[in-house]
Structure formats: structure tokens, C-alpha cells
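Geometric and topological summary
Here's the letter readout for the chains.
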Amino acid sequence: MWLLNLKPIEAASRLLSGLSPDPVDCFESFAPVNIALCKYWGKRDRDLNLPVTDSLSISLGECGSRTRVCWLPDASADEVFINGCQVEADTDFYRRVVCHIDLFRFLVPGYLRVETVNDVPTGAGLASSASGFAALTRAVAGLMGVRLEPQVMSLLARLGSGSACRSIYSGFVRWRKGVRADGMDSYAQPLSAHWPTLRVGLLTLTAEAKKTGSRQGMRRTQETSVLYNSWAEQVGQDMEKLERALAVQDFDGLGQVVEHNAMSMHATMLSSWPPLLYWLPDSVKALQRVWELREEGASVYATMDAGPNIKLLFESQTEPLVRDCFPDLQVIEPFA
Ligand code: DP6
């Protein structure tokens, strides 16, 4: 048994009350992975996943999570499957999925079977929880037969996992932290910038799930790192620089902010106690290769999330060179 967290339930009932559900038997949905160009790392409210700072991301087109939900007649609990494997009921992940379904359950009571297939490894710092909770939000709303505005969808997805609120949209997305205690002004919005030559490369060094999840890691950093406040200050400046770079499509301007933001987040993590280091020796090797490429004149930049895997940012004209250096790279065209 776990303690019922009332704050998200209250928030969801405010967003969903007054709707007339019209349930269907099964519903399938998709949401893209999003990679933060300016990271969300730290919360002003842990129950509602309200962030300390704004953040900005790029969604990865067709790369994401596909989630199918169906009613389970006569069942006494939800069933959850990821990539074909059943998730044990005593795991933290199962609990988070069930708590998310609980947000909607007052509309139509009953238990569900949830089947999710992720295009990227689960729990390895490749943002599978963002696309997963966004797809789950869409799927459960669809199953219950309620039509929701994207803003409401984003608010609900945030209650499952903060970064999931950005996976409701494609392209560049900004999540404003908001100031309200109830979080009703903390949701993501799409940006109009369109950048067809932009490429994101996923360098999966390990598909193994990380030992310290982002939720736990974020909390430890915020509570113990003396660098945390300067990190939050830097995010404010980085957001402005990123929006300027996007407005004039200045790729090097964008890349520099993205990489600097990620490295500063990881430096802040490392200054936590106990220290938090998501990197593997191969992450360092890959970063050093990126820095060499830049010294040789290539415009390629790296970012990393709560895991050892690396995401590269470059433009179409640099793609052959980058593929040559990183033969295992999965190249995504976010605006294809
Ligand atoms: C490093 O959204 O997974 O990927 O809100 O606790 O579920 P919770 O955290 P989560 O954190 C994502 C952290 C990050 C940066 C980012 O995506 O902005």
C-alpha cells in the first residue's frame, strides 16, 4: 500500500470536472520523446511537479511512446506492460502509472490494462518517461471519452512526470514554471520556430536503467548542492539566449547554450552529497570526440540528461561527418 497523494488528485478533478465521459473499449495514443535544450532540474512543489525554472525542449517527431489502454472487466488492479513485459506491482514505476490513472478514475471507475512500447531504452536518460506519461495521459483521456484542450493535456501530463508536459507538442516547446501554488499556470506551449535542417543524434552508450532516477537525483541536488541557486540563475539567462538564437536560426549560438546548460546541470549534480554522477567512461570519450570535432571546425554540440547517453545537435550539412565519427548514432529529423 502507498500513501494517497491528494494534491494531484485535486488538481486533476479541477481540470476534468464538468466533462461528460463517453468511454470506449480501448484507445491507443502516441507522444514524442522530447530532449531538453534548457533543462528542468529542481521543483518548487514535489507533489505537483512544479519546476523552479522554465525549460525548453525539442520533440523528436515520430520517435516516442505508443500506449494502448483497455478496460479490464472484473479485475481488481491495473496491469502495466512495457515493451511486452509486465511491470511488477511492487515497483515504483507501476505505482506512478496507477497514480496517474487514478487522476481520471472518478470519471469512469474501473481498472485498465496499459501497454506501452518505447522507441528509446526505458529509464536510461533518454526521456522515455516524458513520452510515456504524455502518451498515457492522451490514451486514458481517449479511453474515458473526454475531449481535452492541449493545455489541459499538458497540465495533466505534468502531474505524471514534469517533462511529460512538453511531450504533448511537436517542435520546439517552452514550459513556463508558473507562479501559482496550484500549478494551473505551469504548462508547456509550442514555439513557432521551425528548423527543418536541424538534426538530433541519439548516442545510446548503454540501455541499462540508471540507479538514481531523475526524481530522486533532482531532489538530492536541490537539497544538498551549494551550486543549486546559481544553476537556477543560469537557466534564466540561457532561456533568453536560446529564444534569441531560435529567432534568428543561429545554430552555433543555440548549440553553445545547449551544451553549456547541460554541463552546468551535471556540474551541479556532481556537487551534491552524496555526489551524483550519471556519466560513464564512454560518455567522457564521446564528449571529447565532440570537442575535437569542433576544434576541427565542425558545428556539433552535445547534451545529456539523467543518464550516461549523449544527444548530439547538428545541422543536415554536418550529418555525413557526424555519422562517420559515431557509426551507431540514431539520427532524428525533428521537423521531417
Ligand atoms: C534531466 O521529468 O523525469 O530530463 O518531474 O520527477 O518526473 P519528474 O522528473 P523528469 O525530469 C527530467 C529531467 C531531465 C531534464 C529535462 O527533461 O528537462
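Refer to the preceding data block for the structure.
Residues numbered from 1 in each chain as written. Predicted model: local features only at pLDDT ≥ 70, side-chain atom pairs only at ≥ 80, totals over all residues. Heavy atoms only, no water.

With respect to the packing of aromatic side chains
To describe a pair of aromatic rings, one takes the distance between the centres and the angle between the planes. Under the definition given, this model contains five aromatic pairs. Here phenylalanine 93 and phenylalanine 133 contribute two aromatic rings whose centre-to-centre distance is 6.3 Å and whose plane-to-plane angle is 65 degrees, an arrangement assigned as edge-to-face. Here the residue phenylalanine 93 occupies a position in helix α2 (residues 92-105), and phenylalanine 133 occupies one in helix α3 (residues 128-144), the gap between them amounting to 40 residues. Given a relative accessible area of 29%, phenylalanine 93 falls into the partly exposed group. (Phe/Tyr/Trp six-rings, centres within 6.5 Å; stacked < 30°, edge-to-face > 60°. Helix = DSSP H or I, 4+ residues; strand = E, 2+ residues; numbered from the N terminus. Buried < 20%, exposed > 50% of the residue type's maximum accessible area, 1.4 Å probe, protein only.)

Side note on the side chain of threonine 212
Along the chain, threonine 212 falls in the loop between β10 (198-203) and α5 (214-224). Under the relative-accessibility criterion, threonine 212 is labelled buried at 15%. Other than its neighbours up to four places away in sequence, threonine 212 contacts Gly217, Arg220, Leu276 and Tyr278. (Contact = heavy atoms within 4.5 Å.)

Topic: the site of the ligand
Taken together, 17 residues surround the ligand, and among them Tyr40, Lys43, Ser161, Gly162 and Ser163 come closest. A distance of 3.3 Å separates an oxygen atom of the ligand from a polar side-chain atom of arginine 96. In the environment of the ligand, an oxygen atom lies 2.7 Å from a nitrogen or oxygen atom belonging to the backbone of glycine 162. A total of 460 Å² of accessible area belongs to the ligand in isolation, and the protein chains cover 94% of it. The element contributing the most residues to the shell around the ligand is α5, with three residues. A per-class count over the shell around the ligand returns five nonpolar, six polar and six charged. (Near = heavy atom within 4 Å. Polar contact = N/O pair within 3.5 Å; in protein donor to acceptor, adjacent residues only side chain to side chain. Areas by Shrake-Rupley, 256 points an atom, 1.4 Å probe, with all protein chains shown as cover. Nonpolar A, V, L, I, M, F, W, Y, C, P; charged D, E, K, R; others polar.)

What about the sheet that holds β10?
What the four strands build is an open sheet, ordered β11-β12-β10-β13; its pairing is antiparallel. Each edge of the open sheet is held by one strand with a lone partner, namely β11 (301-303) and β13 (330-332). Strand-to-strand twist across the sheet, computed as the mean angle between neighbouring axes with direction ignored, equals 30 degrees. One ladder, built from three bridges, connects β11 with strand β12 (residues 310-315); its direction is antiparallel. Bridge pairing in β12 links threonine 303 to lysine 311. Contacts between helix α7 (residues 251-270) and the sheet are confined to β10, β11 and β12, with β11 contributing the most and set at about 35 degrees to the helix. (Pairing = 2+ DSSP bridges. Axes fitted to C-alpha atoms, helices over the stretch in contact; angles between N-to-C directions.)

Comments concerning the state of the cysteines
Summed over all chains, the structure comprises one disulfide. For cysteine 26, the disulfide goes to cysteine 70, at an S-S distance of 2.1 Å. Here cysteine 26 and cysteine 70 share a disulfide; its torsion about the S-S bond, 115 degrees, makes the bridge right-handed. Linking cysteine 26 in strand β1 (residues 26-38) with cysteine 70 in strand β4 (residues 55-71), this pair joins segments that are 44 residues apart in sequence. Given the relative accessible area of 29%, cysteine 26 is considered partly exposed. Among the residues examined, cysteine 70 registers a relative accessible area of 11% and is labelled buried. (Disulfide = S-S within 2.5 Å.)

Read these as geometric descriptors, not functional statements.
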